Amino acid sequence: MKPRANFPTRMRFAVAAIIATLLLAGGRCDNGGGPSDPNAGLYHTYAEIDNDLHALAAAHPQIAQVSSLGKSVEGRELWAIKISDNVAQDEPEAETVFLGGHHAREWIAVDVPFLIASRLVNQYGTDTTITRLVNQSEIWIVPMVNPDGHQYSVTTDRLWRKNRRSTGDGTFGVDLNRNYGYEWGGPGSSGDTFSEIYRGPLAFSEPETRAVRDFLQRRQTKALISYHNFSQLVLYPWGHTNNPAPDEPLLQNLAVAIADRIRVVHAVTYTPQQSSDLYLASGDTTDWLYGEYRVPNFTIELRPRSSFPGFELPESEITPTFEENLPAALFLVGWAIQQGSPPTI
Amino acid sequence: MGKFLLLFLGALAFGACRQQQPAATATPSGLRKIPYTDSQTVEQIRQSGVKILVQQPGYLIVYSDSSSVQALQTLSVTPQAATEADLVQRLARIHFAGQEQLQKIVDLGVDLWDVEGDSATVRAYDLHLEKLKQEGFAYRILKMDASAKEDK
C-alpha cells in the first residue's frame, strides 16, 4: 500500500522546503533580522562573541568555561567566560571580574575584554605570569553586557547607546549604566525616556543590569573593571557625589597604578580620577558595587581621547588598545590575589 | 488542500521572522511627527506649549501628553506616527564656566561626549539646545545630524 496516497511526493518536497525556510528564517531573525549577517569589520558582533567565546572554551576546557548570566530584553544571552585552573570547580580563590559593552556604540569596550580573555586562555602554560594568575584566582569576563544595543549599533544606528527596551511611548532604550541601584535617580541621569541617559522607571528595571547584579551577588568578587569608551580615563567611585569614598586613598592608588601600567606600553596617557571629578552621574556599575559591597572597582574609558574619532575608533587601534590595557588587567588580578580570602558578598 | 498548506506554512515563516524584528518603527504613543510647510505653523505649535523635540525641514517631532494632544487638536495639523529615524540629534559644542554649569548641561539629559577645557561636545535634541539657550549657554552646532557620515 502506498503511504499517504493523497499527498503526492512532489508536495511533500515542497512542504519540506517550506519548513526548512521557516527554520532558516527563525535562525536568521534571531541573529539580527537583516538580510545578511551583521558586520562590524574587525570588531566583534554579538554572533562573533558567542562563537569565539565558545570556541575558546572548547579548545581549553580545563581552564575556560562559558555560561550565560541571563538574557537581554530581546532574548540574547549575556555570555560570560570563567578562566581558572580546575574551572569546573568553585575554588576559594580571589575573583576578578571584567565587564564590557554596557553602552552599545562602544565597540572597543567589547573587544578589549574579549581579547584579554583570549590572551589569558591562549597563553596559559606558556606565559609564567598568566599561568600563575589563572592558577591562583578565578577570572570572569563578560564582554558584552548590552547585546541588543550592540546589535542595533551594528545594523541600524552606529551611535546607539542604550539597550533596546521599548518604553511604550515610541522611544527605546534604558541607559544600563544609569540603571544600577545605588543612589539610583540622582544627578547625571534623566527621567526623560528619549534621553540618552534615561535611567529607566526604577533601579534594576532591565534584565541586563539584573543579570550582572545577580551574578555579582553570587560571586566573591575582589575587584572589577568595567570597560567603556572614550576619553582615556581610569575612574573610581564615587560618581554620584563629589564626596570622597571611604577607601579613597586605596582607590586612588589603584587607579594610578592602573594608569601607570597602561602608559608604559604605548606611552598613551589615561588620567586617573574620581568619577565625579568632571560631573556627577548616578546609577552606574561602579558606584553600586562599591556602595553595596565596598569592592574596589573601576571604569576604564578607553581610546580615543576626544570626540573625533570618538566612538568610531579605527580598527587599527583595537590591538594597541588591548595591548596597553592587558598589563593593567593582570595587575588588578594580582592585587586581588594578594588580598587573601575573598570577602563574602 | 496542498496549495492551502503551502500558503499557510509560507505565511507562518513570514510571520515568525517579522515577530522577531525589533519594533524600531512601531507607532509610538508619545512621539508624534507633524509635517509642516510654513514657519507660522511651527510658531503656533510652539506657542501652544507642545514640547518640540526635533525641528527638521518639513517636519517636527513633538512629545505629546494628554494636554498637548488637546492643544494639537485645536491647530490644523495632522500628527503622524514618528519613527526612530526621525529623531535627529545635533552635535554641538557648548561653552560653560565651572563644574556647576557643566552639571546643568548634563542634567538636561544631553548625550555628553567629552569635555575639553571650558567646552563640552554633546549630542542633543533641539529641545535641549533651546533650553540651553534660555539658560544663557552659548553653543555652536558642529553637525546638524550627529549620525550623518558626510558631515565629518
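**Student:** What is the right way to look at the sheet that holds strand E5 (residues 221-229) of chain A in this model?
**Tutor:** Strand pairs in the sheet, formed through backbone hydrogen bonds, run parallel or antiparallel to each other. Residue and element names in this part refer to chain A. Read across the sheet, eight strands follow the order E1-E2-E4-E3-E5-E8-E6-E7 without closing on themselves; strand pairing throughout is mixed. Since the sheet does not close on itself, it has two edges, and those belong to strand E1 (64-71) and strand E7 (271-274), each with one partner. Averaged over neighbouring strand pairs, the angle between their axes works out to 20° when direction is ignored. In terms of strand pairing, E1 meets strand E2 (residues 77-83) through six bridges, oriented antiparallel. Bridge pairing in E2 places Ser 68 opposite Trp 79. Across the face of the sheet, helix H6 (residues 207-218) comes into contact with E1, E2, strand E3 (94-100), strand E4 (137-142) and E5 while running at roughly 130° to E1.

**Student:** Before we go on, may I ask you to explain the side chain of Glu 106 of chain A in this structure?
**Tutor:** Residue and element names in this part refer to chain A. Secondary-structure assignment places Glu 106 in the loop between E3 and helix H3 (108-123). Buried and unpaired, Glu 106 has no salt bridge, with Arg 161 as the nearest side chain of opposite charge at 4.4 Å. Among the polar contacts listed, one links the side chain of Glu 106 to the backbone nitrogen of Asn 229, at a separation of 3.2 Å. Setting aside residues up to four positions removed in sequence, Glu 106 forms contacts with Arg 161, His 228, Asn 229 and Phe 311.

**Student:** Looking at this model, I keep getting lost on the sheet that holds strand E1 (residues 31-35) of chain B. Mind explaining?
**Tutor:** Residue and element names in this part refer to chain B. In spatial order, the strands read E2-E3-E1-E4; together these four strands make up an open sheet with antiparallel pairing. Sheet topology places strand E2 (51-56) and strand E4 (80-81) at the edges, where each strand pairs with a single neighbour. Here E1 pairs with strand E3 (residues 59-63) via five bridges, running antiparallel. Bridge pairing in E3 links Lys 33 to Ile 61.

Thresholds, definitions, all that
- Throughout, residues of each chain are indexed from 1 in the direction in which the sequence is written.
- Note on labels: chains are lettered from A, ligands numbered from 1, in written order.
- Since the coordinates come from a predicted model, pLDDT governs what is reported: local features require at least 70, and pairs of side-chain atoms require 80 or more to be given and counted, while whole-chain, interface and lining totals use all residues.
- The side-chain values count all of the structure's non-hydrogen atoms but skip hydrogen atoms and water molecules.
- The rule for pairing is simple: two strands pair if DSSP sees at least two bridges between them.
- Secondary structure is summarised from DSSP: a helix means a run of H or I of at least four residues, a strand means a run of E of at least two, and numbering begins at the N terminus for each.
- Only C-alpha atoms enter the line fits that serve as axes; for helices the fit covers just the stretch in contact. Angles between N-to-C directions range over 0 to 180 degrees.
- Residue contacts follow a heavy-atom distance rule, with two residues in contact if any of their heavy atoms lie within 4.5 Å.
- Type-normalised accessible area, obtained with a 1.4 Å probe on protein chains alone, sets the label of each residue: buried when under 20%, exposed when over 50%, and partly exposed for intermediate values.
- A residue counts as positive if it is Lys or Arg and as negative if it is Asp or Glu; His and the chain ends are not included.
- One speaks of a salt bridge when a side-chain nitrogen belonging to Lys or Arg is within 4 Å of a carboxyl oxygen belonging to Asp or Glu.
- Whenever a nitrogen or oxygen atom comes within 3.5 Å of another N or O atom, the pair is scored as a polar contact, on the condition that within protein one atom can donate a hydrogen and the other can accept it, and that pairs from neighbouring residues in sequence are kept only if both atoms are in side chains.

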